[in-house]
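# Coordinates in review
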Amino acid sequence: MGNRRTYGPNREDPVRGLLALLLIVLEWTRPSLPSPLRPICDLRVLNHFIKEARDAEVAMALEQAQEVQSGLWLLQQALNLLRTSVTNTALHSHIDNSIRNLVSINAVLRSLNIQEYTPPASAAGLEGTWTASSATDLLQVHVNFLRGKVRLLLLDAQACQQDVS
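Figured I'd write up the structure that's included with this text. As a convention, each chain's residues are numbered from 1 in the sequence order in which they are written. Only residues with pLDDT of 70 or above have their local features reported here, since the model is predicted, and side-chain atom pairs are shown and tallied only from 80 upward, although totals for entire chains, interfaces and linings are computed over all residues. Remark: hydrogens and water are excluded; side-chain values derive from all non-hydrogen atoms of the structure.

### Some details on the overall build of the protein chain
Helix and strand assignments come from DSSP, with helices taken as H or I runs of at least 4 residues and strands as E runs of at least 2, each series counted from the N terminus. If you tally the helices and strands in the protein chain, you get four helices and zero strands. Only protein chains enter the accessibility calculation, which uses a 1.4 Å probe; a residue is then buried when its area is under 20% of its type maximum, exposed when over 50%, and partly exposed in between. Buried residues in the protein chain amount to 16% of all 165 residues. Contacts spanning at least 24 positions in sequence make up 70% of the contacts within the protein chain whose residues lie at least 6 apart. Each accessible area is a Shrake-Rupley estimate made with a 1.4 Å probe; only the visible protein chains count as cover when residues are assessed. When the accessible surface of the protein chain is summed, it comes to about 13400 Å², and 58% of that surface belongs to carbon and sulfur atoms. Here, residues are in contact when the closest pair of their heavy atoms is within 4.5 Å.

Written out as structure tokens, the structure reads:
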């Protein structure tokens, strides 16, 4: 019994202790088990994601407002050109009404603090626009623009929200 080591009542075999520690570490690092702290469970991380989503929403709203302003300006220019080439008085009256409506929409956008469009100094700044092949095409673009981009912009504007009770 001379070679046998004995440990006190509160002491463990050091190899068993290391083995237990190794098992604990391996259990934590197992890929099949979730990690003890998940980033999405941390509300600070979720709040950061929400802030980034709001920032993206604001940027998109600003971009949409700029598209609407530039589109209104382009439509007004095109309708003014069409007005000079039309001899039919009924159509002339419709074009005048459309131009007045565009001016009114611009006034509404100004009242919503949406920055007014500044036209480019040269025609090179109008890249990405296309030319309507007829008066009918131009008026169809006008209607679609009002139904689409302008309507969406105004629906999203806080001042245009209708109370639903």
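### Description of the packing of aromatic side chains
Any two of the Phe, Tyr and Trp rings considered here, Trp counted by its six-membered ring, make a pair once their centres fall within 6.5 Å; the pair's planes then place it as stacked at under 30 degrees, edge-to-face at over 60, or tilted in between. Tallied over the full model, the rule gives one aromatic pair. Ring centres of tryptophan 73 and tyrosine 117 lie 5.6 Å apart, and the angle between their planes is 50°; this geometry places the pair in the tilted category. Taken together, the positions of tryptophan 73 in helix H2 (residues 43-85) and tyrosine 117 in the loop between helix H3 (89-111) and helix H4 (135-156) put the pair 44 residues apart, joining distant regions of the chain. Taking relative accessible area as the criterion, tyrosine 117 reaches 25% and is therefore assigned partly exposed.

### Let's talk about the packing of H3 against H4
Interhelical geometry of H3 versus H4 gives an angle of 20° and a closest axis separation of 13 Å. In terms of orientation, H3 and H4 fall into the roughly parallel class. As for the relative orientation of H3 and H4, their crossing is left-handed in sense. Contacts between H3 and H4 involve Leu91, Ser98, Leu102, Ile105, Val108 and Leu109 on the former and, on the latter, Leu139, His142, Leu146, Val150, Leu153 and Leu154. When its residues are assigned to classes, the contact of H3 with H4 shows 10 nonpolar, two polar and no charged. Helix axes are fitted to C-alpha atoms over the stretch in contact, other axes to C-alpha atoms as well, and angles between N-to-C directions run from 0 to 180 degrees. Angles below 35 degrees are treated as roughly parallel, those above 145 as roughly antiparallel, those between 65 and 115 as roughly perpendicular, and all remaining angles as oblique. Crossing handedness is read from the near helix: turned anticlockwise from the far helix by less than a right angle, it gives a left-handed crossing, and turned clockwise, a right-handed one. Asp, Glu, Lys and Arg are counted as charged, while Ala, Val, Leu, Ile, Met, Phe, Trp, Tyr, Cys and Pro are counted as nonpolar; the rest, among them Gly, fall into the polar class.

### Here's the deal with the nonpolar core
In terms of nonpolar packing, the biggest core is built from 17 residues, with Val68, Leu72, Leu79 and Leu109 touching the most fellow members. Mapped by element, the contributors of at least two residues to this core are H2, H3 and H4. Top contributing element to this core by residue count: H2, with six residues. Contact partners of leucine 109, with chain neighbours within four places excluded, come to Val68, Gln69, Leu72, Ile114, Leu153 and Leu154. Nonpolar cores are built from buried Ala, Val, Leu, Ile, Met, Phe, Trp, Tyr and Cys residues. Side-chain atoms within 4.5 Å join them into one set.

### A closer look at a nonpolar patch on the surface
Only residues whose relative accessible area exceeds 30% and that form no salt bridge are eligible for patches; like-charged ones are grouped when within 9 Å, while nonpolar side chains (Val, Leu, Ile, Met, Phe, Trp, Tyr) are grouped when within 5 Å. Should a side-chain nitrogen of Lys or Arg be within 4 Å of a carboxyl oxygen of Asp or Glu, the pair is scored as a salt bridge. The grouping of Leu19, Leu22, Leu23 and Leu26 at the surface amounts to a nonpolar patch, some 380 Å² of accessible area in total. Summarising the element assignment, leucine 23 is placed in helix H1 (residues 14-29). We classify leucine 23 as exposed; its relative accessible area is 52%.

### Section: the pattern of salt bridges
As enumerated under the stated definition, the model contains four salt bridges in all. In this structure, arginine 83 engages aspartate 96 in a salt bridge whose closest nitrogen and oxygen atoms are separated by 2.3 Å. Residue arginine 83 is located in helix H2, and its partner aspartate 96 is located in helix H3; the two are separated by 13 residues in the primary sequence. Overall, aspartate 96 belongs to the buried group, its relative accessible area being 19%. Ionic pairing is found between arginine 110 and glutamate 116, a salt bridge with its closest N-O pair at 3.6 Å. The partly exposed category is assigned to arginine 110, whose relative accessible area is 41%.

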